[in-house]
Each structure stands twice: as structure tokens, then as C-alpha cells.
Amino acid sequence: MALALTENTAILNWIDEMAAMTQPDQIVWIDGSQAQLNALRAEAVASGELEKLSEEKLPGCYLHRTAVNDVARVEDRTYICSRRQEDAGPTNNWMAPDEMYAKLKKLYTASMKGRTMYVIPYSLGVVGSPFAKYGIELTDSIYVVLNMNIMTRVGRQVLDALGDSPDYVKGLHAKADVDPENRYIVHFPEDNTIMSVNSAYGGNVLLGKKCFALRIASAQGRREGWMAEHMLILGIQNPKGEVHYLAAAFPSACGKTNLAMLIPPARYRQQGWKVWCVGDDIAWIRVGEDGRLWAMNPEYGFFGVAPGTNEKSNPNALHTTQKDTIFTNVVRNLDDNTVWWEGLDKNPPKNAVDWKGNPWDGTVSAEKGAHPNSRFTAPAKNCPCLSPEFENPRGVPLSAIVFGGRRAKTAPLVYQSFDWEHGVFVGSAMASETTAAAAGAVGVVRRDPMAMLPFCGYNMGDYWQHWLHMGTVVTGRAPKIFHVNWFRTDDEGHFIWPGFGENLRVLVWIMKRCFDEVGADETPIGYLPKPQDIDLEDSGVDLDTLKGLLNVDTELWKEEAAGIRAFYSKFGRTLPSALSAQLDALERRLD
Ligand code: GTP
Ligand code: SPV
Ligand code: MN
């Protein structure tokens, strides 16, 4: 094999086997050097896979367009192939491992003929730290190599840290024909193996992200006593200079990147409030030596939603994307060779190319210029508010865990659970409107427990049991658990709460609750703020509106409880009894 960067026989034998099946013309090891990455960028530009953007305005930035049928995660084609079907649970697609391996073998055979196989050694977490986990992704896509290089720590140092150990996650990705009928995103949690074929879209093919850091890692975490969660991690610095941390789980395209990079309203900034971003999508959570829960971000970059990102909503994200960024499925402005998307500003370019590659003049109102799930891949170190703790391998201690989703009605702006067990119930019962981040209908309310419905690598009932167990390990030091909803709408469908930077007002209440600095009203669903305890000065929201946002409609909540009961009924004996008891108690309180 050409220029292998390791003598690790577990790795070499596996690559031999995968190469014999896929039959690439050549194998190239990614060493992480700038020289090699630059050569790959040049090759991708020459082939049209990437388009170079203005070096003056967007230095080091590129544009990529995916196939029109390949723009989001495909949940109906994503599988958890454990030996027993019950271990995948009622919320995952399942097939017996032997059957799936045989099926995939046909799709991979000779799929890399005429192509190059790239070997990407990558680390989730700081290389060499006790909390890092390593993976190797084999892919025939330069786009994947360049994105993985932004999203994870890539290169020779990973192989050095791994040494002779067979403890790494195997990932095989082949673009094949990008055929949606034969697209499979498959996880074998018992083999630490991921196989992805017939796609070239981010979440389906950047195997370090959802596939490893959530689906495989959640299963590892259960075995090893930690948690892998679909959560942002942020630090809130108060005027005294103290920084307290929280992690928040919102479903895809429901505001994690935006909250993680929040800029406080002007008066708060003047008083000394600041938010530090530790992570925007994934948190690995462990019990620290002090008995508290600590969260670290295993990633190295942001794969963020472009539409809606602007100078007002998220200036930090916008700034993060001004260099060394890959944009996927956005508009290309031909006049100055930059990019545009809906919600960037009110001046769509007139001389442009849309996400499908067609001429676009910004006036075709029916057709969006950028795909609603168009994304930027940007290095974390570009972020102006990146936390000084970002490279701390242990992460940060959590004071609060926050769940949330898009709910036009039902869920109030914020409430607090009564205790850890009730908090796990609140997370398990989360529901949210679907978004463009996954293929399928948008705006349909569905249960999305802990924002992990598409990402839990084992039986969701066992996952809830693991959450309950973690609470017993950190008794007395457990983070307080909250639920937020920025997305309540009025009768015309407009968002009532201004959101974005103004969300700090809610985070401040949450922090006060964590440190027993403010009271609350006890309601059937949990503790709600006394309206006067949420600061509204300069928010544009009046007290009556806030009272509406905090309203708990008993009739809607009875329907909600019935919905939770129907969802729980899928789990049979894997539903933890503590959670069915929580549901019974909620129904009693509502009566
Ligand atoms: P994934 O990367 O898919 O996991 O998503 P995410 O949770 O990081 O979502 P993101 O922060 O990218 O937000 C997605 C969309 O929600 C964007 O279009 C945002 O503009 C919008 N959004 C984020 N926060 C708010 C908010 O507080 N209020 C409102 N109304 N919209 C928001
Ligand atoms: C999500 O869909 O939650 C994302 C984007 O963060 S992807 O990497 O495609 O999963
Ligand atoms: Mn996500």
C-alpha cells in the first residue's frame, strides 16, 4: 500500500480489505499538511467540485454544490445494525448485521474504480488527551477530506497517538452514483463501524460528526459511563467576571449555533455580560473528579445553517465564515465572487448562480437562491467568542442542561424541571417541528427526545435509563434541567419572542435559578418564572406579552400528555418505570 503513515496492523488490514472491495486506482493518506491540503483544493477546483471564492473578500473560502437529490440527512435510510433488533429500539431503522454487510458489499464493490481512496485519520477531542476518541474515514471525496479537516483534528499526529491500538472507529464512505434509491448510512455499534454510500451531503458523509460523535459514541458512552449528546455548550460571563456553563439540546436547525454564539443586548454588554462558545452541536459529557458533570466539544469546527445568519442575528457566526470556510448549496454572487443566502441581507445579488447551479437574478420569488439547509463549514478558531476552554480536554463543568424545540403553541418560553428525574422526563417528552436539516416534510410536530431521535445509536428506552443512571452518579451535584421555546407564534404565525441576543434574558433567569437567586411559580409542568423576574427593559416585549409566552394551557397540556403516552407505548419493557411514573404524575397534576 502506497506510503502508509502507520504500521498499525489493525488499520492496515482493514484498509486492504476495503480497498479490495472498492478497488480504487490509488490510496492517499491524509497527513494534515498544508501542502497536501492545498494540492487537494487545487485538484477540486480543477474538477469543478469546488469553486474558489474572492481571495480578497473571502480568503481561503470555497463553494460546493451537492446533487439536487442529496441536500440533507436521510433518516429513513439511516440504520443501526446491532445484532439484536431490540438493541436498536423502536425509533431506529434496523437490519441484521450480516444481511446489511452483504447488501452493502454489492453497492461498494468496484465503486472506487477510476477514483482515489483517501485515508483520513481524525480525532474527536484534543489529540492524546484521555477523553479523545479516534477514527479513520476512507472516502473517495475531496470535499469530505477538506470538510473533515475543518470539523475534526486530522493528520499524522492521530496515528501517532493511536500507535498499535485497534481502538478506533472504522468509517467507509463511497459517493458511488449518489443514487438516492441505494443510499445507506449504516452504523454497526458493536463493531465500531460506519458505512455510508451514495451520498455526498455533510451529515451523511462527514463520518466524524453525527455518525461517530453521536450514534457510535452514544453507544460507547452507555458502555463506558458517559454521554454523547446533540448539544451546544456555552459559558455565560456575568459582570463579576464569573463564567458558568450550560449545555443545550435543540433539534436540528432549532437554534444551537445561534445560542452558542449569542451577543448580549447592548445594556447587558455594557454591564459586562458575555457569552463564550465552547461548542455548537455536540457535547460529550462525563463525571469529573469533583463529582460534577463536565462537557467537552469533540469537534474542531462548525457545520452551521447558512440561511438566517446575518449581521444582526448572529454576527459571530458571520465573522467565523469570512475565511478558510467551505460553503455548500448557497448562492454565488458573480459580480464580486462572494456568497449569499436568504436572510443574509435584503439585497440579493442580481448576477448570480443559485444552489442548483442555474443563473439567478434574485427576483425569482418562488425559487430560493440558497437551499434552506445550505451550510458553512468553518474552523472553530475563527469564532470571535470561542471559549478559552475550547482546547481544555476535560471541557467545562455544567450548571444547567437546557432542552428546547420549535413549538408554535404548548411549550412556554422557559420552565424548570422539579429535579433530575423530572428533567429526564421533560427531555424524553420533547417535541419539535421538523426542519430542512433532514429530508422529508418540514413543520410537522414530532417527538424528538433530547434532540436525539435521529442520533441515538441504541434503544431510546435504554438511553433514558442511562440518563436516569447518570443522575444517580452525580447526586447533589447534578445540573438543573430546563426547557425553553423561542418559537411560539401569534395568530398570524409570527414569532412572539424576539429571540437571538434577547435569549440572554432567559439564560440569566436560568443561571439565577441554578444559584438560588430567584423564586419561581410551581405549575403542573414545572417551575415557571414570575413574569417580573424576566428582565424586559429595551426588549420590545411588554409584560402582558411575556405573560402570554409563559402561559401553560391545561387543555393543550392534557393533549400533550396523551401524545407522550402514545409515544411511550412503543417502548414496551424498555421504558423506564421512573418515566411512566413521571407521566402519571403530570396527568394527575393537570387534572
Ligand atoms: P443544526 O446545525 O442543524 O444542528 O442546527 P442548530 O440547532 O445549530 O440551528 P441554528 O442555530 O443554525 O438555527 C437554525 C435556524 O433557526 C436559523 O435559520 C436561525 O436563524 C433560526 N433561529 C435560531 N435562533 C433563533 C431564535 O432565537 N429565534 C428565532 N425566531 N429563530 C432562530
Ligand atoms: C443536523 O442536522 O443536526 C446538523 C447537520 O447539525 S448534519 O451534520 O447534516 O447532521
Ligand atoms: Mn446538529
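First, a word on what this report is: a plain description of the structure on this page. One numbering rule holds for all chains: residues counted from 1, following each sequence as written. Working convention: letters from A go to chains and numbers from 1 go to ligands, in the order in which they are written. Local features are withheld for residues below a pLDDT of 70 in this predicted model, meaning they are given only at 70 or higher, and side-chain atom pairs are given and counted only at 80 or more; totals for whole chains, interfaces and linings count all residues. Excluding hydrogens and water, the side-chain values take into account all heavy atoms of the structure.

Below, the discussion takes up the site of ligand 2. Think of it this way: one heavy atom of a residue within 4 Å of a molecule or strand is enough to make that residue near it. Lining the immediate environment of ligand 2, one finds Arg-73, Tyr-201, Gly-203, Lys-209, Lys-210, His-230, Ser-252, Asp-281, Phe-303, Arg-375, Ala-437 and Phe-455. Arg-73 is positioned such that a nitrogen or oxygen atom in its side chain is 2.9 Å from an oxygen atom of ligand 2. Two N or O atoms count as a polar contact when they lie within 3.5 Å, although within protein this holds only if one can serve as hydrogen donor and the other as acceptor, and sequence-adjacent residues are included solely when both atoms are side-chain atoms. The contact in question runs from an oxygen atom of ligand 2 to an N or O atom on the side chain of Lys-210, over 2.5 Å. In isolation ligand 2 has 280 Å² of accessible area, and contact with the protein removes 98% of it. Classes in brief: Ala, Val, Leu, Ile, Met, Phe, Trp, Tyr, Cys and Pro nonpolar; Asp, Glu, Lys and Arg charged; the others, Gly included, polar. Of the residues that constitute the shell around ligand 2, the class distribution is four nonpolar, three polar and five charged. Summarising the domain contributions, the shell around ligand 2 has at least three residues from each of domain 1 (9-30 + 74-224) and domain 2 (229-297 + 390-590). Method for areas: the Shrake-Rupley scheme with a 1.4 Å probe, in which residue coverage is limited to the protein chains shown. Residue ranges labeled as domains rest on an automatic or database domain assignment.

Disulfides are defined as pairs of cysteine sulfur atoms found within 2.5 Å of each other. Using the criterion set out here, one finds zero disulfides in the structure. Cys-277 takes part in no disulfide bond, and the closest cysteine sulfur, belonging to Cys-383, lies 4.9 Å away. Think of it in three bands: residues with accessible area under 20% of the maximum for their type are buried, residues over 50% are exposed, and the middle band is partly exposed, with areas taken using a 1.4 Å probe on protein chains only. Cys-277 gets classed as buried once you look at its relative accessible area, which sits at 0%.

The next thing to look at is the site of ligand 1. Near ligand 1 there are 22 residues, and of these Ala-253, Lys-256, Thr-257, Asn-258 and Arg-375 occur at the shortest range. Measuring from an oxygen atom of ligand 1, one finds a backbone N or O atom of Cys-254 at 3.3 Å. Contact distances for ligand 1 include 3.0 Å between an oxygen atom and a side-chain N or O atom of Asn-503. Its free accessible area being 660 Å², ligand 1 has 92% of it covered by the protein chains. For helices the rule is a DSSP run of H or I covering at least 4 residues; for strands it is a run of E covering at least 2, with both sets numbered from the N terminus onward. Put simply, the parts of the chain that give the shell around ligand 1 at least two residues each are helix H9 (256-260) and strand E17 (301-305). It is H9 that provides the largest number of residues to the shell around ligand 1, a total of three residues.

Bringing the sheet that holds strand E19 (residues 331-333) into the picture now. Strand order across the open sheet formed by four strands is E20-E19-E21-E22, with antiparallel pairing between neighbours. Looking at which strands have only one partner, the edges of the open sheet turn out to be strand E20 (338-340) and strand E22 (359-360). Only strands joined by at least two bridges in the DSSP assignment are considered to pair. Sheet topology places strand E21 (residues 352-353) next to E22; two bridges connect them, and they run antiparallel. Considered in E22, the bridge of Ala-352 is made with Trp-360.

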